[in-house]
Amino acid sequence: MHSTRLILLLLLSLLLNQSVQAQPGDKIFKPAIRSVKLHVYGDQLAYPIIRMNSGDRLELHFDDLDADVKYYSYTFILCNADWTQAQLSQFDYMKGFSNVRINTYRNSSIALTRYTHYMAEVPDRNTAPTRSGNYLLKVFTNGDTSQVAFTKRFLVVDNRISAGATIVQPFNTTFFRTHQKVQFQVNVQNIKPTNIFQQIKVVLLQNNRWDNAIFNMQPTFIRQNILEYNTENEGLFQGQKEWRWVNLSSFRLQTDRIEKGDYTNKGQTLYVKPEGERNGLRYMYYRDANGMYQLGNMEQNNPYWQGDYATTWFQFSPPNQQPYPDKEVYLFGELTNYEITVANRMQFNEQTGMYENKQFLKQGLYDYIYLLLDKKTGKLDASVTEGDWWETENNYTILVYYRPLGGRADELVSITQINSLANRPEMERRNL
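Quantities reported herein were computed from a predicted structural model and do not represent experimental measurements.

A. Quick peek at the overall build of the protein chain. Per the secondary structure count, the protein chain includes three helices and 31 strands. Here the protein chain has a C-alpha radius of gyration of 23 Å; the compact-globule value for 432 residues is 22 Å, and the two agree. With the C-alpha coordinates aligned to their principal axes, the bounding extent of the protein chain is approximately 65 × 55 × 45 Å. Each of the 432 residues in the protein chain was classed as buried or not, and the buried ones make up 53%. Summed over its atoms, the accessible surface of the protein chain is roughly 20,900 Å², and 49% of this surface lies on carbon and sulfur atoms. Once the 46 positive and 44 negative side-chain charges of the protein chain are each reduced to a mean point, those two points are 3 Å apart.

B. Broad picture of the environment of Asn290. Tracing the sequence through the fold places Asn290 in the loop between strand S22 (268-272) and strand S23 (293-295). On the basis of relative accessibility, which here comes to 6%, the residue Asn290 falls in the buried class. Residues Asn290 and Arg209 lie 81 residues apart in sequence; the distance between their C-alpha atoms is 9.8 Å. There is a polar contact of 3.1 Å between the side chain of Asn290 and the side chain of Glu393.

C. Expanded view of the pattern of salt bridges. If you walk through the whole model with that rule in mind, you get 22 salt bridges. Among the salt bridges present, the one from Asp56 reaches Arg51, with a minimum N-O distance of 2.8 Å. With a closest N to O distance of 2.7 Å, Asp211 and Arg209 form a salt bridge. Judged by its relative accessible area of 6%, Arg209 falls in the buried class. Here the residues in one salt-bridge network are Arg244, Arg257, Glu275, Arg278 and Glu386, joined through shared partners.

D. Structural context of the packing of aromatic side chains. Tallying each qualifying case throughout the model produces 23 aromatic pairs. Ring geometry for Phe62 and Tyr118: centres 5.1 Å apart, planes at 10°, overall stacked. On the criterion of sequence distance, the pair formed by Phe62 in strand S4 (residues 58-64) and Tyr118 in strand S9 (residues 116-122) is long-range, its members being 56 residues apart. What makes Phe62 buried here is its relative accessible area of 0%.

E. Quick peek at the layout of surface pockets. Put simply, the largest pocket is a space of about 550 Å³. At the level of elements, strand S2 (33-40) and strand S27 (354-362) are the ones that each hand at least two residues to the lining of the largest pocket. It is S27 that provides the largest number of residues to the lining of the largest pocket, a total of five residues. Its boundaries defined by the atoms lining it, the second largest pocket holds a volume of some 370 Å³. What lines the second largest pocket is a set of 19 residues, and nearest its centre among them are Thr104, Met119, Ala120, Glu121 and Asp124. Contributions of two or more residues to the lining of the second largest pocket are made by S4, strand S7 (100-101) and S9.

F. Structural view of the sheet that holds strand S31 (residues 411-419). The strand order S16-S15-S30-S31 describes an open sheet built from four strands, whose pairing is antiparallel. The open sheet has two edge strands, strand S16 (209-214) and S31, and neither has a second partner. Neighbour to neighbour, the strand axes of the sheet diverge by 30° on average, direction disregarded. Bridge analysis of strand S30 (residues 395-402) against S31 gives eight bridges, and the strand direction is antiparallel. Residue pairing in the sheet places Leu399 in a bridge with Ile415 of S31.

G. Just the sheet that holds S9, in detail. What the four strands build is an open sheet, ordered S2-S4-S9-S8; its pairing is antiparallel. Each edge of the sheet is formed by a strand with only one pairing partner; in this case those strands are S2 and strand S8 (104-107). The sheet shows a mean angle of 15° between the axes of neighbouring strands, taken without regard to direction. Relative to S4, S2 is paired through six bridges, and the arrangement is antiparallel. Along S4, the bridge assignment pairs Lys37 with His61.

H. Seen up close, the side chain of Gln240. In this fold, Gln240 is placed in the loop between strand S19 (236-238) and strand S20 (244-247). Sequence-distant contacts of Gln240, that is, excluding residues within four places in its chain, are made with Arg209, Ile369, Glu386, Gly387, Asp388, Trp389 and Thr392.

I. Examining the nonpolar core more closely. Counting 46 residues, the largest nonpolar core has Phe62 and Trp210 as its most contacted members. The residues contacting Phe62, other than those within four sequence positions of it, are Ile33, Arg34, Ser35, Val36, Tyr72, Ile102, Thr116, His117, Tyr118, Val139 and Phe150. By size, the runner-up hydrophobic cluster in this structure holds 25 residues, among which are Leu270, Tyr304, Leu331 and Leu335.

Thresholds, definitions, all that
Residues numbered from 1 in each chain as written. Predicted model: local features only at pLDDT ≥ 70, side-chain atom pairs only at ≥ 80, totals over all residues. Heavy atoms only, no water. Helix = DSSP H or I, 4+ residues; strand = E, 2+ residues; numbered from the N terminus. Rg over C-alpha atoms; globule rule 2.2 N^0.38 Å. Buried < 20%, exposed > 50% of the residue type's maximum accessible area, 1.4 Å probe, protein only. Areas by Shrake-Rupley, 256 points an atom, 1.4 Å probe, with all protein chains shown as cover. Lys, Arg positive; Asp, Glu negative; His and termini not counted. Charge placed at Lys NZ, Arg CZ, Asp CG, Glu CD. Polar contact = N/O pair within 3.5 Å; in protein donor to acceptor, adjacent residues only side chain to side chain. Salt bridge = Lys/Arg side-chain N within 4 Å of Asp/Glu carboxyl O. Phe/Tyr/Trp six-rings, centres within 6.5 Å; stacked < 30°, edge-to-face > 60°. 1 Å grid on protein atoms, 1.4 Å probe; cavity = no way out; pocket = protein on both sides within 12 Å on 5 of 7 lines; lining within 4 Å. Points joined across faces, edges and corners; volume = space filled by probe spheres on them. Pairing = 2+ DSSP bridges. Axes fitted to C-alpha atoms, helices over the stretch in contact; angles between N-to-C directions. Contact = heavy atoms within 4.5 Å. Core = buried A, V, L, I, M, F, W, Y, C linked by side-chain atoms within 4.5 Å.

Dropping the structure here:
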């Protein structure tokens, strides 16, 4: 009897430990999976957000380069503000079927590269989330949730409270010319938390990135039901520059960012013009996609199953054609799934004196930057390769979470989005 109780306690402990582990976020586990897009229906550049009790829909698209037909399904997992799994069963936050088969797919046509394109709408008419919060979409094969192909984040919001924000230039002379400060207030009148510091959590995102998100901000002042977040050295983001870009919408009609192309009857290889550091260059505004990419082609073919792929080489030239000491260089953006992996690391070529990396990319418009990883500290930074200017156009998102007393999951009760050009007439005119 004693041994049975011990086994039950060990199993319970194991389940609880699994439930509080941080989830993998946006990650691709199978190398054959490419061009994963999860976005608001009809807008490839819109972050996947659903409002509770609305008709909002998301589109899911991805390619399988094995070019066969597989049994793909998806499910989703509710997570807390820090992306640890909520201690709830799926029955507590999902109605309908827990696993949904992806039945819509097409074989590629016209393109030299053979692949199978899969698509789905989220939520499906047979399943839907019933609680607000952070969700992780998990796509898997053969009905086995352990055979994960990839995961993608999305958000479900129940707008119960309001927040207002502005982007200001920091007063601190250390950050005055290089950073942007998010200054905001939250009105919690509609929920009236009894313990603000434990029940309210705030997360700040720059350009929908989670790698440099700011978590656990505390209010500077509390005025009745208004929470003020205005600490001088919090809510700060490096301004960066506008993202680099390359137009791959046509492989035959090479754009001005392409140095040359090699073509065979089996595929194509494109070489992006060599690039260098931008930290010493003056800031110049131009419209970008803030790190994202958009599938499309000049031939007006369907971008999802008629777009082709090309092996695309990126080349970065460091000062004096010498490698950075104790640093690694990474190609970074949605095109690399914002992942710091071996596949996205630039390799230094001693013969050319340049860092090089190749990606297998589908026709479209791509944004990217180069990041330096300090091998001693593990810190990622773009200030050397790209530079930072406070004038840079960036999108910011303020996520406010609330956990009721006795609650077992963080509820997403407010999303506020603001652009750094707001209330800056001289920059808004440039955007016309």
